[in-house]
Amino acid sequence: QVQLLESGGGLVQPGGSLRLSCAASGRTVSRAAMGWFRQAPGKEREFVTASTWSGGTTFYADSVKGRFTISRDNAKNTVYLQMTSLTPEDTAVYYCAATFKSMNRVLANTARWYDFWGQGTQVTVSS
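**So, the pairing of strand E3 (residues 18–25)**
No. 1: Strand direction decides the pairing type here: strand E1 (residues 3–7) and E3, joined by 5 bridges, are antiparallel. Counted as the bridge partner of Ser7 is Ser21 from E3.
No. 2: Where E3 meets strand E8 (residues 78–83), 6 bridges bridge the pair, whose relative direction is antiparallel. In the sheet register, Leu20 faces E8, and the bridge partner there is Leu81.

Written as structure tokens, this is what we have:
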């Protein structure tokens, strides 16, 4: 089993930045593909970004490409989401997810492909 705990959310002004962290426990995630999803009020959960276990391959939703960056520190069992140039449309609860199964671009986008999920952290972009 893997437990995931997100942190780093909060209130930020448009154009600002935040870095989210996802700390894993219970089992090392150094061999796990990791993803970030988000869910805004009244909307379905949507894919944001994902990384293969090595971090060598990453995938991004078009809406965040060039603004968000996923990274991982396998020694710390932690994955990060650096978010810049934030807009009100980025307001959502952000979830970290993990799977030990293989991943490609199609699978990375698919929430049900992931086996472990965190509780989420709220990000609010507002002036």
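**Digging into the sheet that holds E3**
No. 1: Strand order in the open sheet made by the 4 strands is E1-E3-E8-E7, with antiparallel pairing throughout. Each edge of the open sheet carries a strand with a single partner, namely E1 and strand E7 (68–73). Sheet twist, expressed as the average angle between the axes of neighbouring strands with direction ignored, equals 15°.

**Some words on the environment of Val106**
No. 1: Along the chain, Val106 falls in helix H1 (residues 105–108).
No. 2: Expressed as a C-alpha distance, the spacing of Val106 and Thr57, which sit 49 residues apart in the sequence, is 13 Å.

**Describing the packing of aromatic side chains**
No. 1: Using the criterion set out here, one finds 5 aromatic pairs in the structure.
No. 2: Centroid distance Tyr114 to Trp117: 6.0 Å. Interplanar angle 65°. Geometry classified as edge-to-face.
No. 3: Above the face of the Phe100 ring, Arg27 is positioned so that its terminal group lies 3.6 Å from the ring centre.
No. 4: Above the face of the Trp53 ring, Arg31 is positioned so that its terminal group lies 4.0 Å from the ring centre.

**Quick word on the environment of Gly56**
No. 1: With respect to the helices and strands, Gly56 occurs in the loop between strand E5 (46–51) and strand E6 (58–60).
No. 2: For the pair Gly56 and Ser71, spaced 15 residues apart in sequence, the C-alpha to C-alpha distance is 9.8 Å.

**Observations concerning the side chain of Thr49**
No. 1: Tracing the sequence through the fold places Thr49 in strand E5.
No. 2: Residue Thr49 is classed as buried on the basis of its relative accessible area, which comes to 0%.
No. 3: There is a polar contact of 2.8 Å between the side chain of Thr49 and the backbone oxygen of Phe59.
No. 4: Non-local contacts of Thr49, meaning those with residues more than four positions away in its chain, are made with Met34, Gly35, Trp36, Phe59, Tyr60, Ile70 and Leu81.

**Quick look at the confidence of the model for the chain**
No. 1: In this model, the chain carries a mean pLDDT of 94, and residues with pLDDT of at least 70 account for 100%.
No. 2: In the model of the chain, H1 stands out as the element of lowest mean pLDDT, 88, in contrast to strand E11 (residues 121–125), which has the highest, 98.

**Observations concerning the pattern of salt bridges**
No. 1: Enumeration according to the criterion identifies 5 salt bridges in this entry.
No. 2: Where Arg67 meets Asp90, a salt bridge forms, and the shortest distance between an N and an O atom there is 2.8 Å. Here Asp90 lies in the loop between E8 and strand E9 (92–99) and Arg67 lies in the loop between E6 and E7, a separation of 23 residues in the sequence. Per residue, the accessibility class of Arg67 equals that of Asp90, and both read buried.
No. 3: Of the charged contacts, one joins Lys101 and Asp115 as a salt bridge, the two residues approaching to 2.8 Å between their closest N and O atoms.

**A closer look at the environment of Ser71**
No. 1: Here Ser71 shows up in strand E7.
No. 2: The sequence separation of Ser71 and Gln119 amounts to 48 residues, and the corresponding C-alpha distance is 20 Å.
No. 3: Aside from chain neighbours lying at most four places away, what touches Ser71 is Val79 and Tyr80.

What counts, and where the lines are drawn
- Residues numbered from 1 in each chain as written.
- Predicted model: local features only at pLDDT ≥ 70, side-chain atom pairs only at ≥ 80, totals over all residues.
- Heavy atoms only, no water.
- Pairing = 2+ DSSP bridges.
- Helix = DSSP H or I, 4+ residues; strand = E, 2+ residues; numbered from the N terminus.
- Axes fitted to C-alpha atoms, helices over the stretch in contact; angles between N-to-C directions.
- Phe/Tyr/Trp six-rings, centres within 6.5 Å; stacked < 30°, edge-to-face > 60°.
- Lys NZ or Arg CZ within 6 Å of the ring centre and 35° of its normal.
- Buried < 20%, exposed > 50% of the residue type's maximum accessible area, 1.4 Å probe, protein only.
- Polar contact = N/O pair within 3.5 Å; in protein donor to acceptor, adjacent residues only side chain to side chain.
- Contact = heavy atoms within 4.5 Å.
- pLDDT = per-residue confidence, 0-100.
- Salt bridge = Lys/Arg side-chain N within 4 Å of Asp/Glu carboxyl O.

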